[in-house]
Amino acid sequence: MTPEAARRHYLEAMGITAWASRYQLPNALPTQACEWEDAPAKAPPRERLHALLDDAPPPRPRPAAAEASAPAPASSHAAPQAVRALLGGQPVETPAPQASDDAVPETPKAVAKPLEFSLSCVCLGGRWLSLCEGDMSPPEQQLLANMLRAAGFLKGELPTVVTFKWPPMATAFTPEDPLEEAQEGLAAFVSGAASRQGWALENVLWWGASDAVEASAMAQVMALTDGRSRSLSLPVWEAPGLSALMQQAGAKRALWPRLVALGQQWSPHDHSA
């Protein structure tokens, strides 16, 4: 009896209607034809199923070496007995799995969440990149423009502010190392913008220095060490955040000498911003 015939007999004995294709779809391969015997029509379905189970071939013996290395699964030859027990209304006895001495329970891995941060950037003369955490409000943009004009960086209006948010899409992926992937995302954003706009970046103005014990997500992503960002591979000049400068007049007065000194570094290579 071919496998197709056995399958049809099993389905018919269990009362399941078997459907066969009658038409060939365009460009479809023809269905393989097979010859199979008609099941006896007078025998009840349960008796025919019992007969099919009795005719099932015994399990194929395995070599002794294979049996010693890996025991045969119990379900390979117990399936007909389980079906007979179900047909007779008897409970099926399932052997309990044996616990292995070497088995180590797997501990569930904690799902890492991506770091979340946003920044606003302004490029000055295609050379220096001004970065501020979050979205700059109109008063903050006006304050930044005033300070840059006073220090000699800016001679006109403030260049277009470009924003960047990480992660780019909510629940886009599950990171293995959130900090490292955020640093790579920031570096890809800056390098991509520089490539499209033709920037030749030399320095970064980071408006986000804080005395807080715990660094913000953006500060961690910048990876500041000895006045340099490891993520961007550029030197960084740090200053307090724009929101803090707007609220503290003393902070602006303390920052002014540093801005003048920074403007002197800009002047020898003065480009129109």
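Being a predicted model, the structure only gives us computed values, none of them experimental.

Quick look at the overall build of the protein chain
For step 1, the next point in the chain: The helix and strand inventory of the protein chain stands at nine helices and seven strands.
For step 2, the next point in the chain: Buried positions account for 28% of the 273 residues belonging to the protein chain.
For step 3, the next point in the chain: Restricting the contact set of the protein chain to residue pairs at least 6 apart, pairs at least 24 apart contribute 69%.
For step 4, the next point in the chain: Just so you have it, the protein chain exposes about 18800 Å², and 55% of that area is on carbon and sulfur atoms.

Observations concerning unusual backbone geometry
For step 1, the next point in the chain: The step from tryptophan 166 to proline 167 runs through a cis peptide bond, and the omega angle for that step is 0°.
For step 2, the next point in the chain: With respect to the element layout, proline 167 can be found in the loop between strand E3 (162-166) and helix H6 (178-197).
For step 3, the next point in the chain: The phi angle at alanine 223 is positive, at roughly 55°, despite the residue not being glycine.
For step 4, the next point in the chain: Tracing the backbone shows alanine 223 in the loop between helix H7 (217-222) and strand E5 (224-225).
For step 5, the next point in the chain: Among the residues examined, alanine 223 registers a relative accessible area of 8% and is labelled buried.
For step 6, the next point in the chain: The phi torsion at aspartate 226 lies on the positive side, around 55°, for a residue other than glycine.
For step 7, the next point in the chain: A residue is classified by how much of its surface remains accessible, and aspartate 226, at 79% relative accessible area, is exposed.

What about the sheet that holds strand E1 (residues 117-124)?
For step 1, the next point in the chain: If you trace the seven strands from one edge of the open sheet to the other, you get E3-E1-E2-E4-E7-E6-E5, paired in mixed fashion. Looking along the sheet, the strands with just one partner apiece sit at the ends: E3 and E5.
For step 2, the next point in the chain: In the packing of H6 onto the sheet, contacts are made with E1, strand E2 (128-133) and E3, and the angle to E3 comes to roughly 160°.
For step 3, the next point in the chain: The strands touched by helix H9 (residues 249-266) within the sheet are E1, E2, strand E4 (203-209) and strand E7 (234-240), with E7 carrying the most contacts at an inclination of about 150°.

Considering helix H5 (residues 138-151)
For step 1, the next point in the chain: In a regular helix each residue adds 1.5 Å, so 14 residues correspond to 20 Å; H5 covers 20 Å between its end C-alpha atoms and thus fits that length.
For step 2, the next point in the chain: Here H5 has its buried residues at Glu140, Leu143, Leu144, Ala145, Met147, Leu148 and Ala151.
For step 3, the next point in the chain: Where H5 is buried, its residues contact E1, E2, E4, helix H8 (242-247) and H9.

Rules of the game
Residues numbered from 1 in each chain as written. Predicted model: local features only at pLDDT ≥ 70, side-chain atom pairs only at ≥ 80, totals over all residues. Heavy atoms only, no water. Helix = DSSP H or I, 4+ residues; strand = E, 2+ residues; numbered from the N terminus. Buried < 20%, exposed > 50% of the residue type's maximum accessible area, 1.4 Å probe, protein only. Contact = heavy atoms within 4.5 Å. Areas by Shrake-Rupley, 256 points an atom, 1.4 Å probe, with all protein chains shown as cover. Pairing = 2+ DSSP bridges. Axes fitted to C-alpha atoms, helices over the stretch in contact; angles between N-to-C directions. Expected span 1.5 Å × (residues − 1).

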